[in-house]
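Close look at the chain arrangement
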Amino acid sequence: MRSKRQNFRTASTISVVLMLFTLHSLSEGKMYEKCPLARTLDKQKISSRSLISNWVCLVMAESGGDTSKVTTLDNESASYGIFQINSKTWCREGRKGGRCNKKCEDFLNDDLADDIECAKQIYNDSGFGAWKGWVNRCKQKTLPDLSSCWN
């Protein structure tokens, strides 16, 4: 009888571990490269195609294309996800809030819909200049050539 209980406990433990691993895998981030990112942003209508190179440059400057990136800042805030959306102004940690009314942690997965919605709001309020990465790397340099991405 004791052996059956141990087997059941072992099987239960393994099941729980597999479930947690599966759930973690479903919520993992993603690393985007230039062309797949450009096509995704275009498909999700972030802006006109003429501005997509600005968005790609911004993403690469801010997060390197990593949807799971979190950057802790000196002002006791953090920036989240592929667009590095800041918790002080645009989202809130652990709950919905900020000017985008989003939970910051929701920007850390590979679903870009909520990220894009908030990024568009930031852009509409402040333009690309709201992101230091864009100002430092994209405004002063040549934007990426995406012509090969649309074939």
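Residues numbered from 1 in each chain as written. Predicted model: local features only at pLDDT ≥ 70, side-chain atom pairs only at ≥ 80, totals over all residues. Heavy atoms only, no water.

Overview of the sheet that holds strand β1 (residues 70–72)
- The strand order across the open sheet formed by three strands is β1-β2-β3, and the pairing between neighbours is antiparallel. Unpaired on one side and paired on the other, β1 and β3 (85–86) mark the two borders of the sheet.
- Sheet topology places strand β2 (residues 78–80) next to β3; two bridges connect them, and they run antiparallel. Bridge pairing links Y80 to I85 in β3. (Pairing = 2+ DSSP bridges. Helix = DSSP H or I, 4+ residues; strand = E, 2+ residues; numbered from the N terminus.)

Side note on the packing of helix α2 (residues 34–43) against helix α3 (residues 52–62)
- One way to put it is that α2 packs onto α3 with a least axis distance of 10 Å and a crossing angle of 125°. Between α2 and α3, the interaxial angle falls into the category oblique. In the crossing of α2 with α3, the sense of the turn from one axis to the other is right-handed. Counted together, K34, L37, A38, L41 and D42 of α2 and I52, W55, V56, V59 and M60 of α3 form the full contact between these two elements.
- In terms of residue class, the contact of α2 with α3 is made up of eight nonpolar, no polar and two charged. (Axes fitted to C-alpha atoms, helices over the stretch in contact; angles between N-to-C directions. Parallel < 35°, antiparallel > 145°, perpendicular 65-115°, else oblique. Left-handed = near helix turned anticlockwise from the far one by under 90°. Contact = heavy atoms within 4.5 Å. Nonpolar A, V, L, I, M, F, W, Y, C, P; charged D, E, K, R; others polar.)

Thoughts on the state of the cysteines
- This model, assessed by the stated rule, comprises four disulfides.
- Across a sulfur-sulfur distance of 2.1 Å, C91 and C104 are joined as a disulfide pair. Sign of the S-S torsion, about 100° for the bond between C91 and C104, identifies this disulfide as right-handed. With a gap of 13 residues between them, C91 in strand β4 (residues 91–92) and C104 in the loop between β5 (102–103) and α4 (113–126) connect regions that are remote in the sequence.
- A residue is classified by how much of its surface remains accessible, and C91, at 0% relative accessible area, is buried. (Disulfide = S-S within 2.5 Å. Buried < 20%, exposed > 50% of the residue type's maximum accessible area, 1.4 Å probe, protein only.)

With respect to the confidence of the model for the protein
- Across the protein, pLDDT averages 86, with 82% of residues at or above 70.
- This stretch, residues 10–26, has a pLDDT under 50; its non-local contacts, to residues over four places away or in other chains, come to zero contacts. (pLDDT = per-residue confidence, 0-100.)

Thoughts on the nonpolar core
- Within the largest apolar cluster, 35 residues are counted, with the highest numbers of intra-cluster contacts made by L41, W55, F83, I85 and W131.
- Counting residues per element, the ones that place at least two in this core are α2, α3, β2, α4 and α5 (132–138).
- The dominant element in this core, judged by the number of residues it contributes, is α3, at seven residues.
- Every residue in contact with F83, bar those within four places of it in the chain, is listed here: L41, I46, W55, L58, V59, E62, D115, I116, A119 and W131. (Core = buried A, V, L, I, M, F, W, Y, C linked by side-chain atoms within 4.5 Å.)

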